[in-house]
Amino acid sequence: RQRVCIARALATDPEFIVCDEAVSALDVSVQAQIINLLKDLQEKLKLTYLFISHDLNVVHFVADELIVMYLGEIVERGTMEKIYANRAHPYTAALFSATPVFAPGEKKREKILLSGDPLSPVDPPAGCRFASRCIYATEKCRQEPEWHEVEENHFVRCHLFD
């Protein structure tokens, strides 16, 4: 079915394709086949993908750039390599800590357990949406955080960097 969906998406000769959880329901071997197919098609047809996924191991393999969102807002953005090496936002760190390690030689990550309940995305309070679950939250987090450049091509939206 995934191959049929890919073929249908390519029928109009697009330059840009949105892949929303394109491999999430597949077993690992089929997942690898589809990812390899997407990467081959990207190279041959010069495609740009918006690849939406909760599986950071897949994202790490597919993406050049990464945007991390929490409750509909971007909290961190940058190149995959830079965010993978330096998870600046507390949510990004927690998200990566929940991902199994498959890379050879990579150390097992210490899991960051979040406390509290996620806010309702329907009517979130002002400020950082992650503040109710963040161990570093202060009163300042009730104000809207600004973007900070952690390093070249790596930005975070968090008061920890003020």
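What comes next is a walk through the structure. (Residues numbered from 1 in each chain as written. Predicted model: local features only at pLDDT ≥ 70, side-chain atom pairs only at ≥ 80, totals over all residues. Heavy atoms only, no water.)

**Remarks on helix α2 (residues 28-45)**
When the terminal C-alpha atoms of α2 are compared, their 25 Å separation across 18 residues agrees well with the 26 Å that a helix rising 1.5 Å per residue should span. Every buried residue of α2 is accounted for by Gln31, Ile34, Ile35, Leu38 and Leu41. Buried residues in α2, looked at end-on, bunch into an arc of 125°, giving them a common side. What points out from α2, more than 90 degrees from its buried face, is the exposed set Glu43 and Lys44. Lining the buried residues of α2 we find α1 (2-10), β2 (48-52) and α3 (56-62). Downstream of α2 by a residue or two, Lys46 has a phi angle that is positive, lying close to 55°. (Helix = DSSP H or I, 4+ residues; strand = E, 2+ residues; numbered from the N terminus. Expected span 1.5 Å × (residues − 1). Buried < 20%, exposed > 50% of the residue type's maximum accessible area, 1.4 Å probe, protein only. Arc of directions from axis to C-beta. Contact = heavy atoms within 4.5 Å.)

**So, the packing of aromatic side chains**
The tally for this structure, following the rule as stated, stands at 4 aromatic pairs. Aromatic rings pair up to connect Tyr70, Tyr91 and Phe130 into one cluster. Positioned above the aromatic ring of Phe61, the side-chain terminus of Lys39 is 5.4 Å from the ring centre. Against the face of Phe155 rests Arg77, its NZ or CZ located 4.5 Å from the ring centre. (Phe/Tyr/Trp six-rings, centres within 6.5 Å; stacked < 30°, edge-to-face > 60°. Lys NZ or Arg CZ within 6 Å of the ring centre and 35° of its normal.)

**Quick look at the sheet that holds strand β6 (residues 154-157)**
Strands in a sheet are paired, the pairing made by backbone hydrogen bonds, and the direction either parallel or antiparallel. The strand order across the open sheet built from 4 strands is β3-β4-β6-β5, with neighbouring strands paired in antiparallel fashion. The two strands at the open ends of the sheet, each matched to only one other strand, are β3 (65-70) and β5 (147-151). Taking the axes of each pair of neighbouring strands and ignoring which way they run, one obtains an average angle of 25° across the sheet. In the sheet, β5 pairs with β6 via 4 bridges, with the strands oriented antiparallel. Following the sheet pairing, Glu149 is matched in β6 by Phe155. (Pairing = 2+ DSSP bridges. Axes fitted to C-alpha atoms, helices over the stretch in contact; angles between N-to-C directions.)

**Some details on the pairing of β6**
Sheet analysis places strand β4 (residues 73-79) next to β6, joined by 3 bridges and oriented antiparallel. Within the sheet, the bridge partner assigned to Glu76 lies in β6 and is Val156. The antiparallel hairpin formed by β5 and β6 contains 2 residues in its connecting segment, where Asn153 sits at a positive phi of about 60°.

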